[in-house]
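Observations on chain architecture
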Amino acid sequence: MASPSEHPDAAAHDDPAERSSAAGADRAAPAADPGAATSSPGEPAAAEASPVSRQASSGPRGRVVALTGAASFLGRNLIGILEEDPRIARVVAIDLKPPDTGGSKLRLHTVDLTAPASEEHVAEVLAAEQVDTLVHLCFLSSPTPATAWAHELESVGTMHLLHGARQANLRKLILWSQTILYGAHPTNPNFLTEKHPLRADPEERFFADKMAAEREFNAFGAKAKGTTVTILRTAPILGPTVQNYLTRYLARRLVMTMLGFDPLWQFIHEVDAIAAFKLAIDSDFPGTFNIVGDGVLPVSTIVRLAGRTSFPVLHSAAGPLVAALWAAHAAIAPPSFLRYLRYVCVADGEKAARVMGFRPVYSTREALLDYTSAQRLRDVRLLQETPA
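Residues numbered from 1 in each chain as written. Predicted model: local features only at pLDDT ≥ 70, side-chain atom pairs only at ≥ 80, totals over all residues. Heavy atoms only, no water.

With respect to the packing of helix H4 (residues 147-166) against helix H5 (residues 205-223)
- Where H4 meets H5, the axes come as close as 9 Å, and the angle between the chain directions of the two elements is 10°. Between H4 and H5, the angle is such that the two are roughly parallel. Residues Thr147, Ala150, His151, Glu154, Ser155, Thr158, Met159, Leu162, Ala165 and Arg166 of H4 pack against Arg205, Phe206, Asp209, Lys210, Ala212, Ala213, Glu216, Phe217 and Phe220 of H5.
- Residues belonging to the contact of H4 with H5 are distributed by class as follows: 9 nonpolar, 4 polar and 6 charged. (Axes fitted to C-alpha atoms, helices over the stretch in contact; angles between N-to-C directions. Helix = DSSP H or I, 4+ residues; strand = E, 2+ residues; numbered from the N terminus. Parallel < 35°, antiparallel > 145°, perpendicular 65-115°, else oblique. Contact = heavy atoms within 4.5 Å. Nonpolar A, V, L, I, M, F, W, Y, C, P; charged D, E, K, R; others polar.)

Here you go:
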């Protein structure tokens, strides 16, 4: 859902601090209100029982939640919320870079998931800290030309993490995934449910590594007894403080679109995305859930509401152009993302509403307008950018 840009730094992600947090292009946001999503009764099946009936037990000493990618956008904001929750005894950060939102509950463990010995280190941390819930957020929020490193981090790193988790007595595993993994295709229905296969371009590492991580988590969940495995597929995250390939696409004054195509897009506001993860931490929801904002918008309307100018390009010419720009580190995303400028890839959030009781506070349109308001201040340099 991104487009090329002339900005050479938009896709390179070569800052070591960014690499250490796995999603270093993201920015810190105000702590989301965990009450943004409320619970509602689900289905009779055990996997879809009432959220209230499956509240995670705090125990006499409180719960212990560990997060990988703790210095990323989602990690920092979740840690800030967990610090304020009296039911949480400790928050364990597993990362190379300390988050800036930690307080007295935070315990930092420096672990490089790309290292072969990391699975033993992870097992030791989980056992020593008596972790009951592990949230895996160690994924890039934007594509990078450093595909070999990204593969080691996301695909191999997930295997190392799960090998370590098998040696611990975890009660819950939560994985961050994305709805763009469904892929943009002319045969897609108007709304893709969790039952639809992931058909993003398997040759593109940004997609392939995340799909591999999902497969690893599903395989773990099929074998693990007594461990709840939850996968949250978020729509592209948008808001006033998050930064990713989508915000870079909309930040350009001249925005590339595909001539003759105007697909529908959807977003999830940054506050709603964080609230969904807090909801999954608080209660048990086994399975996969689409986390999306209400409503959709055509690309032409998105560009207009963002105050940008559309630059339509023939799709036959766009591929070679973007490929050359990507090779020169002068594009936001590789050519495979151009499909999202041609075909629809919109997910259905009904299951998350029915089973988890997740209700987004912001619609797709409201998430866009909240981002646009902040971006306009940045355009006139009234809002200071802060490093990730």
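Past the structure itself, the notes keep going.
Focus: empty space enclosed by the protein
- Following the criterion strictly, the structure yields 3 cavities of 30 Å³ or more and no others.
- Each pocket or cavity is described by its volume, and for the largest cavity that value is around 100 Å³.
- Lining the largest cavity are 12 residues; nearest its centre among them are Ser141, Trp176, Gln178, Ile237 and Asn244.
- Within the lining of the largest cavity, the residues separate by chemical class into 7 nonpolar, 4 polar and 1 charged. (1 Å grid on protein atoms, 1.4 Å probe; cavity = no way out; pocket = protein on both sides within 12 Å on 5 of 7 lines; lining within 4 Å. Points joined across faces, edges and corners; volume = space filled by probe spheres on them.)

Some points on unusual backbone geometry
- For glutamine 130, which is not a glycine, the phi torsion comes out positive at approximately 55°.
- Here glutamine 130 is to be found in the loop between helix H3 (118-129) and strand S4 (133-136).
- For histidine 329, which is not glycine, the phi dihedral falls at a positive 60°.
- Following the sequence through the fold, histidine 329 ends up in the loop between helix H9 (315-327) and helix H10 (350-356).

Some remarks on the packing of H3 against H4
- In the contact formed by H3 and H4, the axes pass within 7 Å of each other and the chain directions differ by 45°. Classified by the angle between their axes, H3 and H4 sit oblique to one another. Helix-helix and strand crossings are classified by hand; for H3 and H4 the assignment is right-handed. Contacts between H3 and H4 involve Ser118, Glu119, Val122, Ala123 and Leu126 from the former and His160, Leu161, His163, Gly164 and Ala165 from the latter.
- Here the contact of H3 with H4 is composed, by residue class, of 5 nonpolar, 4 polar and 1 charged. (Left-handed = near helix turned anticlockwise from the far one by under 90°.)

Focus: the nonpolar core
- Leu126 and Met356 are the most contacted members of the largest nonpolar core, which has 106 residues in total.
- The element that contributes the greatest number of residues to this core is helix H7 (residues 270-282), accounting for 7 residues. (Core = buried A, V, L, I, M, F, W, Y, C linked by side-chain atoms within 4.5 Å. Buried < 20%, exposed > 50% of the residue type's maximum accessible area, 1.4 Å probe, protein only.)

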